[in-house]
Amino acid sequence: MANFRTHLGVAAAGGAVLAHGGWQAGLWSAMESLPLLALMAFGGILPDIDADRSRAIRLIFNLLAVPAVVAGVLVLQTRLATGALLMTCGAIYVGVRYLAGALFSRFTVHRGLWHSLLAAALCGLVATALSHQLFGQSDYLAWAHGASLMLGFVVHLLLDELYSVDLTGARLKRSFGTAMKPFDWREPGNSLVMLMAAASLLPWLPPFGTLRELLRQGASLWR
């Protein structure tokens, strides 16, 4: 399995190529390219959110707590007084940073369902929905944000599989096949719940025609 630094470095490098290439091709502006780089780098460490006591899980929930507080401010600023809003946002930060992290560690198994292409798709759809509905991004940029996060996630899974191949001994390690899988074959019920969660996001997503156009333009960059 690749280590934290490798996952972050490779995903960040891929994000830089994606962001710069799209900017040069006129798909987005220089400022719009920065979140794409950051999202792909974040996606590169996101699968290790299920690894107990890892640097990844601490960093991930630290990062997730910030947009959670921003979302809380956007939703509640017209409903609460300043003092109550500050206390609520503080509770949101503590809840996401500590409580959510502890619960996630308690109910997930490393290299389980979270290490799958289904989880990658779910995270990409969540990022797209939040970008479009909460942060008011255009259809095009919202799909680009989700695709960047998902791509970083897939890069992580691919690296884990590559590190499961022992080239010097010409053999496969026991961990081979536990990362780059469609879903968790051992837990079909949990996989079905995750699929239903992904499907529930459909009303909040931008039109899929925009995604097809984004993929078409992205593919043309490599021709």
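Structural data are supplied above this passage.
Trainee: Got a sec to walk through the overall build of the protein? Specific residues and values, please.
Mentor: Secondary structure assignment for the protein yields eight helices and two strands. Helices and strands appear in the protein in the N-to-C order α-α-α-α-α-α-β-β-α-α. For the protein, buried positions account for 39% of its 223 residues. Of the contacts formed within the protein by residues at least 6 apart in sequence, a portion of 70% connects residues at least 24 apart.

Trainee: Quick one: what's the story with the pattern of salt bridges, residue by residue and with numbers?
Mentor: Under the criterion given, the structure shown has one salt bridge. In this structure, the salt-bridge partner of E213 is R216, at a minimum N-O distance of 2.6 Å. Placement of both E213 and R216 in helix α8 (residues 208-221) is noted, with a separation of three residues, approximately one turn of the helix. On the basis of relative accessible area, R216 is assigned to the partly exposed category, the value being 48%.

Trainee: Break down the nonpolar core for me, with residues and values.
Mentor: Judged by nonpolar contacts, the single largest core of 36 residues is most densely connected at W28, L46, I49, W114, F153 and M194. At the level of secondary structure, the elements contributing two or more residues to this core comprise α2 (30-43), α3 (55-76), α5 (117-134), α6 (139-162), α7 (188-199) and α8.

Trainee: Tell me what's going on with the packing of helix α1 (residues 4-24) against α6, and back it up with residues and numbers.
Mentor: Two quantities define a packed helix pair, namely the angle between the helix axes and the distance between the axes. The contact between α1 and α6 brings their axes to 10 Å, and the two run at 140 degrees. Judged by the angle between their axes, α1 and α6 are oblique. Where α1 crosses over α6, the handedness of that crossing is right-handed. Contact residues: T6, H7, V10 and L18 in α1; S148, V155, H156, L159 and D160 in α6. Considering only residue class, the contact of α1 with α6 consists of four nonpolar, four polar and one charged.

Trainee: Summarise the layout of surface pockets; cite the residues concerned and give the values.
Mentor: If you roll a probe as big as a water molecule over the atoms, it shows you where there is empty space left. There is about 500 Å³ of room inside the second largest pocket. In terms of lining residues, the second largest pocket is bounded by 25 residues, among which A147, S148, L151, L214 and L215 are the most central. For the lining of the second largest pocket, the secondary-structure elements that each account for two or more residues are α1, α5, α6 and α8. Looking at the lining of the second largest pocket, the element that brings in the most residues is α6, giving eight residues.

Trainee: Mind laying out α6, listing which residues take part and the relevant values?
Mentor: For an α-helix, 3.6 residues make a turn, and residues three or four places apart therefore share a direction. Taking 1.5 Å per residue as the helical rise, α6 with its 24 residues ought to reach 34 Å, and the 34 Å between its terminal C-alpha atoms agrees with that figure. Where burial is concerned, most of α6 is hidden: 17 out of the 24 residues are buried.

Calculation notes
- Residues numbered from 1 in each chain as written.
- Predicted model: local features only at pLDDT ≥ 70, side-chain atom pairs only at ≥ 80, totals over all residues.
- Heavy atoms only, no water.
- Helix = DSSP H or I, 4+ residues; strand = E, 2+ residues; numbered from the N terminus.
- Buried < 20%, exposed > 50% of the residue type's maximum accessible area, 1.4 Å probe, protein only.
- Contact = heavy atoms within 4.5 Å.
- Salt bridge = Lys/Arg side-chain N within 4 Å of Asp/Glu carboxyl O.
- Core = buried A, V, L, I, M, F, W, Y, C linked by side-chain atoms within 4.5 Å.
- Axes fitted to C-alpha atoms, helices over the stretch in contact; angles between N-to-C directions.
- Parallel < 35°, antiparallel > 145°, perpendicular 65-115°, else oblique.
- Left-handed = near helix turned anticlockwise from the far one by under 90°.
- Nonpolar A, V, L, I, M, F, W, Y, C, P; charged D, E, K, R; others polar.
- 1 Å grid on protein atoms, 1.4 Å probe; cavity = no way out; pocket = protein on both sides within 12 Å on 5 of 7 lines; lining within 4 Å.
- Points joined across faces, edges and corners; volume = space filled by probe spheres on them.
- Expected span 1.5 Å × (residues − 1).

Geometric descriptors of this kind do not, in isolation, establish any biological role.
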